[in-house]
Amino acid sequence: MKRLAAGIALLVLTTGAEADPVAVASDPIGSFQRFSSSGSFGSFAWRGGLTLTSEDRGFGGFSGLVLGGNCEDMLAVSDRGNWLQARLVYEEGILAGIAEAVLAPIRDSKGQPQKSKSWADAEAVTRLANGRIAVGFESRVRFGTYDIARRGLDARFQTLPHPRDIDRGTDNGEVESLGELPGGRLIAIAERHFDAQGNIRGWTWKGGEVRDFSLERYDAYQVTDLAVNGDDVLTLERRFSAGSLPGMAVRRFAIADIASGKPVIPELLLEATAPLYVIDNMEAIALCERQGETRVTLMSDDNFNSPVQSTILLQFAYRR
């Protein structure tokens with residue numbers, strides 16, 4: 001718990017010169033499971049949800065999420081190269097709305113917006129112990145840090161070295177998840193980069209010290225994000241294709257399992273399939289603390305395909 005508390009320290013909500021306020025409407029989601037009022041889902045207890053909509057053309061495509069400040073301060077990244085910064089609103093402990101939303105370009109090392117869609121493909125974000133925000137980009141694979149606490153959303157990209165083996169995955173399937181482990185090692189897990197046995201490839205590294213590992217795949221799911229919770233890692237995984245109903249899974253494994261040299265076999269905590277559950281193309285997971293609870297928040301990428309797809313936030317209390 002101490003590690004989690006340190007990792008979700010207050011996100012300083014400072015904006016930049018080109019950060020634009022954006023009107024975002026939030027429609028509460030009454031129940032995670034359709035046709036049922038149940039609020040208990042194994043390790044998770046329902047704490048509310050929102051469907052977010054905006055007429056701003058830059059709104060959407062959110063693939064990574066960080067929360068802090070009593071689960072109120074929100075920072076998300078879009079695969080079209082934008083930050084979304086906002087404040088989440090609660091009523092009697094339940095997620096009820098969003099306020100003070102702004103959009104701003106995620107800048108490159110020269111302070112400019114990303115030069116093309118392929119360069120703008122931000123897919124993962126995490127807060128580091130040093131207070132910086134780290135972002136992983138997929139199509140043009142790279143990782144970088146942003147000093148948002150000091151520079152606001154005008155902060156510039158600073159290169160974060162990564163294992164080059166990550167680049168060798170399937171095009172546009174290299175990696176969508178990034179986190180920091182206790183002790184400062186980084187962790188990334190591939191989306192569609194498999195070993196010879198069909199396991200999902202992953203890496204931990206600190207400086208030039210790299211360790212490869214693999215996760216046993218669950219059904220046809222692909223890892224889209226991760227969150228570090230003390231000695232454990234939670235993975236968010238999605239099944240989203242023309243040939244099947246959208247699905248979402250959350251699994252858990254111990255960090256210690258990485259060192260075994262064997263494929264890690266995560267524990268399935270939650271699986272949900274549309275239309276029985278209110279899900280979409282789930283791509284982001286974040287942990288925070290509120291009212292003495294560890295809360296898990298999930299966010300979907302609408303692929304800029306409104307109204308067929310939606311941007312939704314789902315929040316649960318999580319007990320280990």
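Structure shown above.
Residues numbered from 1 in each chain as written. Predicted model: local features only at pLDDT ≥ 70, side-chain atom pairs only at ≥ 80, totals over all residues. Heavy atoms only, no water.

With 5 of 5 residues buried, strand S10 (residues 133-137) is to be regarded as a mostly interior element. Of the two faces of S10, the one holding Ile 133, Val 135 and Phe 137 and the one holding Ala 134 and Gly 136 are both buried throughout. The pairing of strand S9 (residues 122-127) with S10 spans 5 bridges and is classified as antiparallel. Across the sheet, residue Arg 127 finds its bridge partner in S10, namely Ile 133. Once S9 ends, the chain turns through 5 residues before running back antiparallel as S10, passing Gly 131 with a positive phi of about 95°. From the end of S10 to the start of strand S11 (residues 142-146), which pair antiparallel, there are 4 residues. (Buried < 20%, exposed > 50% of the residue type's maximum accessible area, 1.4 Å probe, protein only. Helix = DSSP H or I, 4+ residues; strand = E, 2+ residues; numbered from the N terminus. Pairing = 2+ DSSP bridges.)

Below, the discussion takes up the pairing of strand S13 (residues 177-180). Taking every second residue as pointing to the same face, both faces of S13 are buried, with Ser 177 and Gly 179 on one and Leu 178 and Glu 180 on the other. Looking at chain direction, S13 and strand S14 (residues 186-194) are connected through 4 bridges and run antiparallel. By the bridge assignment for S14, Glu 180 is matched with Leu 186. Hairpin connection from S13 to S14: 5 residues lie between these consecutive antiparallel strands, with Gly 183 at a positive phi of about 95°.

A separate point is the state of the cysteines. For the structure on display, the rule yields 1 disulfide. With its sulfur 2.1 Å from that of its partner, Cys 71 forms a disulfide with Cys 288. One disulfide, between Cys 71 and Cys 288, carries an S-S torsion of 110° and so falls in the right-handed class. Of this pair, Cys 71 sits in the loop between strand S5 (62-68) and strand S6 (73-78) while Cys 288 sits in strand S21 (residues 282-290); the two residues are 217 residues apart in sequence, bridging distant segments of the chain. The class for Cys 71 is buried, based on a relative accessible area of 0%. (Disulfide = S-S within 2.5 Å.)

To continue, consider the packing of aromatic side chains. Throughout the structure, instances matching the rule amount to 16 aromatic pairs. Ring centres of Trp 46 and Phe 316 lie 5.4 Å apart, and the angle between their planes is 65°; on these two criteria the pair is classed as edge-to-face. Taken as a pair, Trp 46 in strand S4 (residues 44-53) and Phe 316 in strand S23 (residues 311-318) lie far apart in primary sequence, 270 residues in all. Both rings, one in Phe 137 and one in Phe 157, keep their centres 6.2 Å apart while their planes meet at 65°; by these two values the pair is edge-to-face. Here the residue Phe 137 occupies a position in strand S10, and Phe 157 occupies one in the loop between helix H2 (148-151) and strand S12 (158-159), the gap between them amounting to 20 residues. Here Phe 137 and Phe 157 have matching classes, each one buried. Here a set of aromatic residues connected by ring pairs shows up, and it is made of Phe 32, Phe 41, Phe 44, Trp 46, Tyr 277, Phe 316 and Tyr 318. Here the guanidinium or amino end of Arg 142 rests over the ring plane of Phe 157, the centre of that ring lying 5.9 Å away. (Phe/Tyr/Trp six-rings, centres within 6.5 Å; stacked < 30°, edge-to-face > 60°. Lys NZ or Arg CZ within 6 Å of the ring centre and 35° of its normal.)

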